[in-house]
Amino acid sequence: MANSLLTGVELGGTKCVCVLASGTGEILAQERVETEAPEVTLPRIKAILDRWFDAEADIRALGIASFGPIDVDRASPQWGHIGQTPKPGWTGVGVAQELGQGLGVPVALDTDVNGAALAEMRWGAAAGLEDFAYVTIGTGVGVGLVVGGAPIGGFGHAELGHMRIPRVAGDAWPGSCPYHGDCVEGLAAGPAIIARAGKRASLIAADDPIWDLVGHAIAQMLHNIVLTATPRRIFLGGGVITAQPQLFPIIRRELQASLGGYVASPELDSIDEYIVPPGLGALVGPLGPIALAAASTAQA
Ligand code: ADP
Ligand code: ZN
């Protein structure tokens, strides 16, 4: 096991990352593929995987950490298939089948955020924590909520990024989620920010009032997560947060204000250590599918 290798694919809304890693989470190779139509993107990913499997004899598993919705129920005939999505062409595509075909190793599958959460637990700043949340604000809003050492889920994976939340008084912008309008993702994900501002996110000033609205929406979601699962720490990452670190103090302040002192805990008293960037930094995404692959070989 010590010398064995693992492969992973992080399927994102904007980009996909293929990873070859050691069993201990050291990344040996990483290749990026843009997310386009599945018939373009999946063969490109498959070609990278085939090349690695041809070159290396000791690859033990493939992990796939995917954007949602995706069927992660092993007992379901639709396991590995993307669900209803506004992404053109992706609805119903069997990504686990297409990518795993002919490799001869177990395929482990979960959401991108659950993968990232497990990577933080295995190799990052969530080591030793059984209860925490990994939140990403990027093309969408995703949450990997780990309770008792495992991500929550039932008939499917959780979709906390689509929860409904109270709005800032007087803000009536309808939101951009095609399913719910002003859910958290419809107010705070990258495409929502661009739609509201009417310009590229990188052109919005760091002190623009839009960030107060975005931070408020994220904090409302965290309010509900704190009250649901009392996570010991909340990791906050993704393209929007990474590019706009001024959101951290806004979110911390809005969360404290929203909770209104109701939850008394040392965690919330030290809010600067409670809501923090991922310990693995930019590696948290690529190591997500590797953590899924590692877990599958440990069980085998
Ligand atoms: P993915 O969600 O595909 O995994 P990321 O987490 O990198 O990818 O997030 C990509 C999102 O980050 C895009 O929706 C984009 O709008 C947003 N983004 C990129 N640059 C900035 C920026 N300077 N400010 C705010 N948001 C940004
Ligand atoms: Zn929604």
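All residue numbers refer to positions counted from 1 along the written sequence of the respective chain. A letter from A marks each chain and a number from 1 marks each ligand, given out in the order of writing. Only residues with pLDDT of at least 70 are given local features in this predicted model, and only at 80 or more are side-chain atom pairs given and counted; all residues enter the totals for whole chains, interfaces and linings. Side-chain descriptors were evaluated using all non-hydrogen atoms of the structure, hydrogens and water having been removed beforehand.

S.K.: Even after reading the chapter, I still don't get the coordination of the zinc ion (ligand 2), so can you show me in this structure?
M.R.: In an ideal octahedron of six donors the angles at the metal are 90 or 180 degrees, and in an ideal tetrahedron of four donors they are 109.5 degrees. Donors, by definition, are the N, O and S atoms found within 2.8 Å of a metal, the threshold being 3.2 Å for Na, K and Ca, and water is not counted, so a site can look incomplete. Taken together, the protein ligands of the zinc ion (ligand 2) are His162 (ND1), Cys177 (SG), His180 (ND1) and Cys183 (SG), with distances of 2.1 to 2.4 Å. Any coordination sphere not matching a tetrahedral pattern (four donors, all angles between 85 and 135 degrees) or a square planar or octahedral pattern (four or six donors, opposite donors over 155 degrees apart, other angles between 65 and 115) is reported as irregular. Classification of the site at the zinc ion (ligand 2) as tetrahedral follows from its four donor atoms and the range of 103 to 120 degrees in their angles at the metal. Of note, the donors binding the zinc ion (ligand 2) are all from one chain and are spaced H-x14-C-x2-H-x2-C. When accessible area is computed with a 1.4 Å probe and restricted to protein chains, residues below 20% of their type maximum are described as buried, those above 50% as exposed, and intermediate ones as partly exposed. For cysteine 177, a relative accessible area of 8% corresponds to the buried category.

S.K.: Would you mind showing me how to read the sheet that holds strand S8 (residues 150-151) here?
M.R.: Pairing between the strands of a sheet is mediated by backbone hydrogen bonds and can be parallel or antiparallel. At least two bridges found by DSSP between two strands are what make those strands a pair. In this text, helices come from DSSP runs of H or I with a minimum length of four residues, and strands from runs of E with a minimum of two, each type numbered from the N-terminal end. Read from one edge of the open sheet, five strands run S8-S7-S6-S9-S10, paired in mixed fashion. On the outer flanks of this sheet lie S8 and strand S10 (275-276), each paired with one strand and no other. In the sheet, strand S9 (residues 234-237) pairs with S10 via two bridges, with the strands oriented parallel. By the bridge assignment for S10, isoleucine 234 is matched with isoleucine 275. Strands strand S6 (132-137), strand S7 (141-147), S8 and S9 of the sheet are contacted by helix H3 (residues 112-123), whose axis makes an angle of about 50 degrees with S7. Relative to S7, helix H6 (residues 210-229) is tilted by about 15 degrees, and along the sheet it contacts S6, S7, S9 and S10. Residue contacts follow a heavy-atom distance rule, with two residues in contact if any of their heavy atoms lie within 4.5 Å. Every axis corresponds to a line fitted to the C-alpha atoms, with the helix fit spanning only the stretch in contact, and the corresponding angles, defined between N-to-C directions, vary from 0 to 180 degrees.

S.K.: What is the right way to look at the packing of helix H5 (residues 190-197) against H6 in this model?
M.R.: A pair of packed helices is characterised by two quantities: the angle between their axes and the separation of those axes. Here H5 crosses H6 at 145 degrees, and the two axes come no closer than 11 Å. Seen from above, H5 lies across H6 with right-handed handedness. Within the contact between the two elements, H5 uses Ile193, Arg196 and Ala197 and H6 uses Ile210, Trp211, Leu213 and Val214. Partitioning the contact of H5 with H6 into residue classes produces six nonpolar, no polar and one charged. For any pair of crossing helices, the crossing counts as left-handed if the nearer helix is rotated counterclockwise from the farther one by less than a right angle, and right-handed if it is rotated clockwise. Side-chain classes are defined by residue name, with Ala, Val, Leu, Ile, Met, Phe, Trp, Tyr, Cys and Pro counting as nonpolar, Asp, Glu, Lys and Arg as charged, and the others, Gly among them, as polar.

S.K.: I would appreciate a short explanation of the packing of H6 against helix H8 (residues 247-259) in the present structure.
M.R.: Taken N-terminus to C-terminus, the directions of H6 and H8 make an angle of 50 degrees; their axes are 8 Å apart at the nearest point. One way to sum up the angle between H6 and H8 is to call them oblique. In terms of crossing hand, the pair formed by H6 and H8 is right-handed. In this structure, H6 contributes Trp211, Asp212, Val214, Gly215, His216, Ile218, Ala219, Gln220, Leu222, His223, Val226 and Leu227 to the contact, and H8 contributes Leu247, Ile250, Ile251, Arg253, Glu254, Leu255, Ser258 and Leu259. Of the residues assigned to the contact of H6 with H8, the class counts are twelve nonpolar, five polar and three charged. Here the angle decides the label: under 35 degrees means roughly parallel, over 145 means roughly antiparallel, 65 to 115 means roughly perpendicular, and every other value means oblique.

S.K.: In this structure, what is going on with the domain arrangement of the protein? I would like to understand it.
M.R.: Bear in mind that the domain bounds are from an automatic or database domain assignment. Domain boundaries assigned for the protein yield domain 1 (5-115 + 282-299) and domain 2 (125-277). Between domain 1 and domain 2, the contact holds 14 residues from the first and 14 residues from the second. Simply put, the buried area is the total loss of 1.4 Å probe accessible area from both parts when two parts are fitted together. Each partner contributes to the roughly 960 Å² buried at the junction of domain 1 and domain 2, and carbon and sulfur atoms together form 62% of this total. Contact with domain 2 buries area across many residues of domain 1, yet Pro86, Val113 and Asn114 alone supply 47% of it, more than any other trio. Within 3.5 Å is the distance limit for a polar contact, defined as a pair of N or O atoms, with the added protein rule that one can donate a hydrogen and the other accept it, and that residues adjacent in sequence qualify only through two side-chain atoms. Our count for the contact surface shared by domain 1 and domain 2 stands at two residue pairs in polar contact (both at pLDDT 80 or more). A per-class count over the side of domain 1 that touches domain 2 returns six nonpolar, seven polar and one charged.

S.K.: Even after reading the chapter, I still don't get the pattern of salt bridges, so can you show me in this structure?
M.R.: Pairs may arise between side chains of opposite charge once their charged atoms sit close together. For salt bridges, the criterion is a side-chain nitrogen of Lys or Arg within 4 Å of an Asp or Glu carboxyl oxygen. Applying the stated rule across the entire model yields 13 salt bridges. Between glutamate 31 and arginine 51 there is a salt bridge, with its nearest N and O atoms 3.1 Å apart. In this pair, glutamate 31 sits in strand S3 (residues 27-34) while arginine 51 sits in helix H1 (residues 38-55), placing the two residues 20 residues apart along the sequence. Residue class for arginine 51 comes out partly exposed when judged on its relative accessible area of 44%. Each of Arg164, Arg167, Asp171, Asp182 and Arg196 takes part in salt bridges that share partners, so that together they form one network.

S.K.: It is not clear to me how the side chain of threonine 136 should be interpreted in this structure. Could you clarify?
M.R.: Assignment of secondary structure puts threonine 136 in strand S6. Sequence-distant contacts of threonine 136, defined by excluding residues within four places in its chain, comprise Val113, Val141, Gly142, Gly237 and Gly238.

S.K.: How do you make sense of the sheet that holds strand S1 (residues 5-11) when you look at a structure like this?
M.R.: Across the sheet, five strands lie side by side as S3-S2-S1-S4-S5; this open sheet has mixed pairing. Both edges of this open sheet fall to S3 and strand S5 (107-111), since each of them pairs with a single strand only. When the angles between neighbouring strand axes are averaged without regard to direction, this sheet yields 15 degrees. Packing against the sheet, H1 makes contact with S1, strand S2 (15-22), S3 and strand S4 (59-66), and its axis sits at approximately 160 degrees to S3. Packed onto the sheet, H3 meets S1, S4 and S5 and runs at close to 105 degrees relative to S5.

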